[in-house]
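One-letter residues, chain by chain:
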Amino acid sequence: MNKQSLYLLDTDILSSLVRQPQGRVAQRIAKVGEECICTSIIVASELRFGAAKKKSSRVTQQVEAILDAIAILPLEIPADVEYAHIRAYLERIGQLIGPNDLLIAAHALSIKVISSVSYKTGLKIKSAASPDGLAADFIWSASGI
């Protein structure tokens, strides 16, 4: 499988899937194929934290079912280099984002996948370019726009 065809979904998108397992995000995943969907270990950590904080067995089971069904990618070199470049750029232009969003964007850029976090933050990075518009569809489906 070509990494360019992978969609790295962020916490907001996967949280929407947790809340609405048969909703628009699920429909988009069915459209592109589950094999084209992945997430970052950072997103998996955020989802598991949210489920633990909620203390809901239903939410925990739903989070685990989702994470069992998609690839969870480890954060590896050269994500650190991408992180430095993105953070320096964002500080220069005065646009700060959350630390986890920054790590997720760096992760996506370093492995050259399409990422939903890049759209949300307004970063103009090549990993966010989706020729078929599907990453934008994932954003749309989670935000309800």
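Everything here concerns the structure above.
What comes next is a walk through the structure. Per-chain numbering applies: the sequence of each chain, read as written, is numbered from 1 onward. Two thresholds apply to this predicted model, a pLDDT of at least 70 for residue-level local features and 80 or more for giving and counting side-chain atom pairs, whereas whole-chain, interface and lining totals are computed over all residues. For the side-chain quantities, the full set of heavy atoms in the structure was used; hydrogens and water were omitted.

Examining the sheet that holds strand 1 (residues 7-8)
Thought 1: The sheet built from 4 strands is open, its strands ordered 3-2-1-4 with parallel pairing. Pairing within the sheet leaves two strands with one partner each, and these edge strands are strand 3 (71-73) and strand 4 (114-115).
Thought 2: Each pair of strands is called paired provided DSSP finds at least two bridges between the two strands. Comment: elements are numbered from the N terminus, with helices defined as DSSP H or I runs of at least four residues and strands as E runs of at least two. As defined by bridge partners, strand 1 adjoins strand 4 across 2 bridges and the pair is classed as parallel. Bridged to Tyr-7 within strand 4 is Ile-114.
Thought 3: Should any heavy atoms of two residues lie within 4.5 Å, those residues are considered in contact. Note on definitions: angles span 0 to 180 degrees between N-to-C directions of axes, and those axes are lines fitted to C-alpha atoms, for helices only across the stretch in contact. Each of strand 2 (37-40) and strand 3 is contacted by helix 3 (residues 41-54), which is oriented at about 75° to strand 2, the strand it contacts most.

Brief notes about the environment of Thr-60
Thought 1: As for its placement among the helices and strands, Thr-60 is situated in helix 4 (residues 57-69).
Thought 2: The sequence separation of Thr-60 and Phe-49 amounts to 11 residues, and the corresponding C-alpha distance is 9.6 Å.

Considerations on the pairing of strand 2
Thought 1: Here strand 2 shows a buried face lined by Ile-37 and Thr-39 and a second buried face lined by Cys-38 and Ser-40.
Thought 2: With 2 bridges joining them, strand 1 and strand 2 adopt parallel strand pairing. Of the residues in strand 2, the one forming a bridge with Tyr-7 is Ile-37.
Thought 3: Relative to strand 3, strand 2 is paired through 3 bridges, and the arrangement is parallel. Looking at the pairing, Thr-39 lines up with Ile-72 of strand 3. Burial classes follow relative accessibility: with a 1.4 Å probe on protein chains only, a residue under 20% of its type's maximum area counts as buried, one over 50% as exposed, and anything between as partly exposed.

Thoughts on the packing of helix 1 (residues 11-19) against helix 2 (residues 24-32)
Thought 1: Taken N-terminus to C-terminus, the directions of helix 1 and helix 2 make an angle of 110°; their axes are 8 Å apart at the nearest point. Taken together, the axes of helix 1 and helix 2 are roughly perpendicular relative to one another. Residues Ile-13, Ser-16 and Leu-17 of helix 1 lie in contact with helix 2, whose contacting residues are Val-25, Ala-26 and Ile-29.
Thought 2: Lys, Arg, Asp and Glu make up the charged group, whereas Ala, Val, Leu, Ile, Met, Phe, Trp, Tyr, Cys and Pro make up the nonpolar group; the residues left over, Gly among them, are polar. Looking at the contact of helix 1 with helix 2, its residues break down into 5 nonpolar, 1 polar and no charged. Each angle is binned into one of four classes, with values under 35 degrees roughly parallel, values over 145 roughly antiparallel, values of 65 to 115 roughly perpendicular, and all other values oblique.

Considering the side chain of Ser-110
Thought 1: With respect to the element layout, Ser-110 can be found in helix 6 (residues 99-111).
Thought 2: Two N or O atoms count as a polar contact when they lie within 3.5 Å, although within protein this holds only if one can serve as hydrogen donor and the other as acceptor, and sequence-adjacent residues are included solely when both atoms are side-chain atoms. Of the polar contacts made by the side chain of Ser-110, one reaches the backbone oxygen of His-107; its length is 2.8 Å.
Thought 3: Among residues more than four places away in sequence, those in contact with Ser-110 are Glu-76, Pro-78, Ala-79 and Glu-82.

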